[in-house]
Amino acid sequence: MARWCYRHRLVVLLLWVGALFGLGFAATTAGTDYANVFSLPNTDSKRAYDQMEKAFPDSAGDTDTVVWKVADGSVRDASVRSRIQPVLDEIAGMKGVGQVAGPYRGERGAAQISRDGTIAYAQITFTEQANAVPKELVQDVVDTAQGAERTGLQVELGGQAIQRVQEPPTGLAEMVGILAAALVLFLAFGSLFAMLLPIGIAVFGVGTGLFSTQLLSHTTDIPDLAPLLATLIGLGVGIDYALFIVTRHRRGLLRGLESEESAVVALNTSGRAVLFAGGTVCIALAGMLVTNLRFLDGVVIGTSLTVVFSVLAATTLLPALLGLLGTRVLSRRQRRKLAERGPEPERASGAAARWSMSVQRRPRTIAVLALAVMAVLALPVLSLHLGATDQGNDDGTTTTRQAYDLLAEGFGPGFNGPLQVVVTGGDTDALAKSIGGTPGVAAVAALPPANGVTVIQVVPTTSPQSVKTDDLIDTLRDRVIPDAGASAHVGGVTAVSKDFATITGDRLPWFIATIIGLGFLLLLIAFRSLVVPLTAALMNLIAAAASFGVLVAVFQWGWGLELLGLGKEGPINAFLPVIMLSLLFGLSMDYQVFLVSRMHEEWVHTKDNARAVRVGLAETGRVINSAALIMVCVFLAFVLSGDAGAAMAGVGLAAAVALDAFILRTALVPAAMHLLGNSNWWLPAALDKRLPHLAVEPAEEPSGDAAPVRGGASAVHGFVRDAEGEAVDGAVLTLLSKGGRQLDRVTSLADGSYIVSVPAPGTYLLSATARSYGTRAHHVVVTDEPLVHDVELVQGEVDADAVN
């Protein structure tokens, strides 16, 4: 497939461009139909909602609020009334506004003025729900209302429709994330074209995914949070997947492969890993269906679809673009060096190799330090409080936050989240009186009945996000309503949020067990080991605890919220643990597979665990860290999205990816694998026979001049040192047959380590040479087992007889 896409690159490019613009045109024409559907079967708030829907089938659209406050006097003063009432009348006459209920007219108007007379509010009811109200209309309402302000008269507006017009421009977060990722890619590659490739793949993957999700919103319920999360995860994985493949392709070019062969090898190795990684992300996202929460079904559809398109773009469009660019994916310096000096053997970077050696020398110290850091970061998770954010968590400069605060000041903190007790039988008056005498209740008002249903509005004394409000809901359900002998259910937004958090908390253990068990099974099959998947499962739990600790410290305790411009502290959104754990599981699997597959390859060749872990970390550390840094930039950019849920998910996922890549995969995992030794790769023989074989990243095909394998392949490995015992970096080691034919050629790493492949047991000649040193050559006798052979080089000395 990679070769076909490479050779038919113009056809592939045109197909992708046609798909992107075709889906974009269809989605733009059809529009959006996102719907936030909270289906909570067998909950009290759902029963209350069902009864209200039957009793009030023609309920109006979104209801927003205009709040005003006077610094002196009363809102009843003629001077205030003469400024506010004409504005309310003008808003009521706007097309798209159903009605305006103000404090100066109607029977219930007096209830819309605070006791001290300094604050009042009016309710604006639109003819459509918030996401369908035109932004131009909402902006006109805001401008008209705030036009009444003067010195001593403050006017603010709140509500979902109002919140939409104060969001940052659409695409700002995505653009900032892409620019940050582009900077990291340019620093990593040093080539403009190589930088643009992952960005382009991510744009095509996310674009086709989002347009498809938008079209699907007309056939199924997809929440408006889904496209934001799909963009967030799509940009991250799209850039990362392309980064893995482009990095492998560049290595192939530097080693002397033709552009087409290098692209084919890159897709047949890293491309397979991308397919595996993308599949695990989709499976992890599908794990959210275990919770049986309809709200998350649309999130699964949107994010999974975007990941699928990102994988397709990386495995089909990317080889086509590699064919168009040729060697221009290398920097000018690399192309010039390749032309002058020829191909270079692959070698790990000095910093990565030195860190890998440090981990090998001090695994206990590094493991203890890494665990200590993660434990400290995880401590705040003990005070995790799930709930729902509202406009009280908006930034203090926004009109929605100021309107929220004014209502809380004038009518009590519970006014922003009233409870609705829906009564279908019994003595309503007695129940209302009993509720009014319950501790924690500030006000009670029974609305006129309809179709045998009466709604009692209950205003708590505490805010909607307070634990005491949750306790009040339990008290009404468990004691007050049964004692009154009434048939009633407690509903409203606050009750729905509480029930949602309760259900999520109850089902979270099953969800965690599902995705951890799935990850264990996948890694067990991929690496033929029991310890590796157990270690990965434990690391996933540690990463999740630490990232949620960071989330609690920032959003629940308020540490750094002002610095990030994210408003006021509050509970963690109840849906976030499920979404974050799904994404974290999928992303950490990417890094685990990329790291351990290289270690496993080395283990298969040498059966030396210490070398396998050291070489695997040295050769993959830089790519993993670059990929993680890109994801962190993309995720943090969603702080600018204007959506509290997306900002919370962005910060949480950025923390999770950073901790996972920079601490767990770079330090704790390799340190633990050094301590566990050969037991890392243990698998009972009976289980080994029954497990299917899965090659996540198969080895590259050998070159044509390689010796045929007879009697089983093996290897020679060891260290190259000078006379004083210091490691020799960059020494070239060549394995020759008895007839003088070159069988393998490698370069020693920064720690002096090397490994050459031996086609079959026998006697061979191993020569080693390095700048400033002489040449040494020795005959080596290799059996079925890997041979450990250290080489000592002396400056100026040439072992000519051995070479001859």
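Residues numbered from 1 in each chain as written. Predicted model: local features only at pLDDT ≥ 70, side-chain atom pairs only at ≥ 80, totals over all residues. Heavy atoms only, no water.

### A word on the overall build of the protein chain
Point 1. Helix and strand counts for the protein chain come out as 25 helices and 18 strands.
Point 2. With the C-alpha coordinates aligned to their principal axes, the bounding extent of the protein chain is approximately 110 × 55 × 45 Å.
Point 3. Out of the 804 residues in the protein chain, the part that is buried amounts to 55%.
Point 4. Summing over all exposed atoms, the protein chain offers an accessible surface of approximately 34,200 Å²; the carbon and sulfur share of this is 57%. (Helix = DSSP H or I, 4+ residues; strand = E, 2+ residues; numbered from the N terminus. Buried < 20%, exposed > 50% of the residue type's maximum accessible area, 1.4 Å probe, protein only. Areas by Shrake-Rupley, 256 points an atom, 1.4 Å probe, with all protein chains shown as cover.)

### Quick notes on helix H9 (residues 225-254)
Point 1. The terminal C-alpha atoms of H9 lie 44 Å apart, and with 30 residues this matches the ideal 44 Å at 1.5 Å per residue to within 8%.
Point 2. Burial within H9 is extensive, with 28 of its 30 residues counted as buried.
Point 3. Directly after H9, the chain includes Gly256, whose backbone phi takes a positive value near 100°. (Expected span 1.5 Å × (residues − 1).)

### Regarding the pairing of strand S11 (residues 714-722)
Point 1. When you tally the buried positions in S11, you get eight out of nine residues, the bulk of the element.
Point 2. Strand direction decides the pairing type here: S11 and strand S14 (residues 753-758), joined by six bridges, are antiparallel. Paired with Phe719 across the strands is Ser753, a residue of S14.
Point 3. Across two bridges, the pairing between S11 and strand S17 (residues 787-788) is parallel. Considered in S17, the bridge of Val716 is made with Leu787.
Point 4. The pairing of S11 with strand S18 (residues 791-793) spans three bridges and is parallel. Opposite Arg721, over in S18, you have Glu792 as the bridge partner. (Pairing = 2+ DSSP bridges.)

### Details of the sheet that holds strand S2 (residues 97-101)
Point 1. A sheet is described by the order of its strands in space; here four strands give the open sequence S2-S3-S1-S4, paired in antiparallel fashion. Strands at the two margins of the open sheet, each flanked by one partner only, are S2 and strand S4 (153-158). Direction aside, neighbouring strands of the sheet carry axes that sit 20° apart on average.
Point 2. With seven bridges joining them, strand S1 (residues 63-70) and strand S3 (residues 119-126) adopt antiparallel strand pairing. Within S3, the position partnered with Lys69 by the bridge is Ile119.
Point 3. Its contacts with the sheet put helix H4 (residues 78-92) on S1, S2, S3 and S4, and the angle it makes with S2 is roughly 160°. (Axes fitted to C-alpha atoms, helices over the stretch in contact; angles between N-to-C directions. Contact = heavy atoms within 4.5 Å.)

### Some words on the packing of H9 against helix H23 (residues 644-676)
Point 1. At their nearest, the axes of H9 and H23 sit 10 Å apart, and the two run at 25° to each other. For the element pair H9 / H23, the angle class is roughly parallel. Here H9 and H23 pass one another in a crossing that is right-handed. Taking contact as the criterion, the partners of Leu225, Leu228, Leu229 and Leu232 in H9 are, on H23, Gly645, Ala646, Ala649, Gly650 and Leu653.
Point 2. By residue class, the composition of the contact of H9 with H23 is seven nonpolar, two polar and no charged. (Parallel < 35°, antiparallel > 145°, perpendicular 65-115°, else oblique. Left-handed = near helix turned anticlockwise from the far one by under 90°. Nonpolar A, V, L, I, M, F, W, Y, C, P; charged D, E, K, R; others polar.)

### Notes on the sheet that holds strand S8 (residues 454-460)
Pairing between the strands of a sheet comes from backbone hydrogen bonds, and it takes one of two forms, parallel or antiparallel.
Point 1. Taken together, the four strands give an open sheet; going across it, the order is S7-S8-S6-S9, and neighbouring strands pair in antiparallel fashion. For this open sheet the edge positions go to strand S7 (441-446) and strand S9 (487-491), each flanked by a neighbour on one side alone. Along the sheet, successive strands turn relative to each other by an average axial angle of 20°, direction set aside.
Point 2. Note that S7 and S8 share five bridges and pair antiparallel. Bridge assignment links Val444 to a residue of S8, and that residue is Val458.
Point 3. The sheet strands contacting helix H3 (residues 44-55) are strand S6 (419-425), S8 and S9, and the helix crosses S9 at an angle near 105°.

### A short note on the pattern of salt bridges
Point 1. As enumerated under the stated definition, the model contains 13 salt bridges in all.
Point 2. Here Arg3 and Glu260 are joined by a salt bridge, their closest N and O atoms 3.0 Å apart. Of this pair, Arg3 sits in helix H1 (residues 2-7) while Glu260 sits in helix H10 (residues 259-286), and the two are 257 residues apart along the sequence.
Point 3. Arg3 gets classed as partly exposed once you look at its relative accessible area, which sits at 28%.
Point 4. Since its relative accessible area comes to 19%, Glu260 is described here as buried.
Point 5. As a salt-bridge pair, Arg477 and Asp499 come within 2.8 Å of each other at their nearest N and O atoms. One end of the pair, Arg477, is in helix H17 (residues 467-484); the other, Asp499, is in helix H18 (residues 493-527), and 22 residues separate them in sequence.
Point 6. Exposure remark for Arg477: the relative accessible area of 17% places this residue in the buried category.
Point 7. Exposure remark for Asp499: the relative accessible area of 7% places this residue in the buried category.
Point 8. When salt bridges with common partners are traced through the structure, they connect Arg3, Arg7, Glu260 and Glu261 into a single cluster. (Salt bridge = Lys/Arg side-chain N within 4 Å of Asp/Glu carboxyl O.)

### Re the confidence of the model for the protein chain
Point 1. Across the protein chain, pLDDT averages 84, with 93% of residues at or above 70.
Point 2. By mean pLDDT, helix H25 (residues 800-803) is the weakest element of the protein chain at 39, and helix H14 (residues 363-378) is the strongest at 95.
Point 3. In this model, residues 699-711 is a region of pLDDT below 50 whose contacts with residues beyond four sequence positions or in other chains number 17 contacts.
Point 4. The low-confidence segment residues 798-804, where pLDDT is below 50, has ten contacts with residues more than four positions distant or belonging to other chains. (pLDDT = per-residue confidence, 0-100.)

### Things to note about the nonpolar core
Point 1. By size, the foremost hydrophobic cluster in this structure holds 155 residues, and its most contacted members are Met288, Phe555, Tyr591 and Phe635.
Point 2. Looking at this core element by element, the count peaks at 19 residues for H23.
Point 3. Those residues in contact with Tyr591 that sit more than four places away from it in its chain are Asp240, Phe244, Ile624, Ala627, Ala628, Met631, Val657, Asp660, Ala661 and Arg665.
Point 4. Core analysis: the second largest hydrophobic core is formed by 29 residues, Val70, Val80, Ile113 and Val142 among them. (Core = buried A, V, L, I, M, F, W, Y, C linked by side-chain atoms within 4.5 Å.)

### Describing the packing of aromatic side chains
Point 1. A full pass over the atoms with the stated rule returns seven aromatic pairs.
Point 2. Considering the side-chain rings of Trp68 and Tyr104, the 6.1 Å spacing of their centres and the 40° angle between planes classify their relative orientation as tilted. Placement of the pair is Trp68 in strand S1 and Tyr104 in the loop between S2 and S3, with a sequence separation of 36 residues.
Point 3. One Lys or Arg, Arg9, reaches over the ring of Tyr6 and ends 5.2 Å from the middle of that ring.
Point 4. Across from the ring centre of Phe719, 4.6 Å away, lies the NZ or CZ of Arg721, which sits over that ring. (Phe/Tyr/Trp six-rings, centres within 6.5 Å; stacked < 30°, edge-to-face > 60°. Lys NZ or Arg CZ within 6 Å of the ring centre and 35° of its normal.)

### Digging into H18
Point 1. When the terminal C-alpha atoms of H18 are compared, their 48 Å separation across 35 residues agrees well with the 51 Å that a helix rising 1.5 Å per residue should span.
Point 2. Residue Arg528 follows H18 closely and has a positive phi angle near 50°.

### Let's talk about the side chain of Thr504
Point 1. Along the chain, the position of Thr504 falls in helix H18.
Point 2. Those residues in contact with Thr504, other than ones at most four positions away along the chain, are Leu293, Ala574 and Val578.

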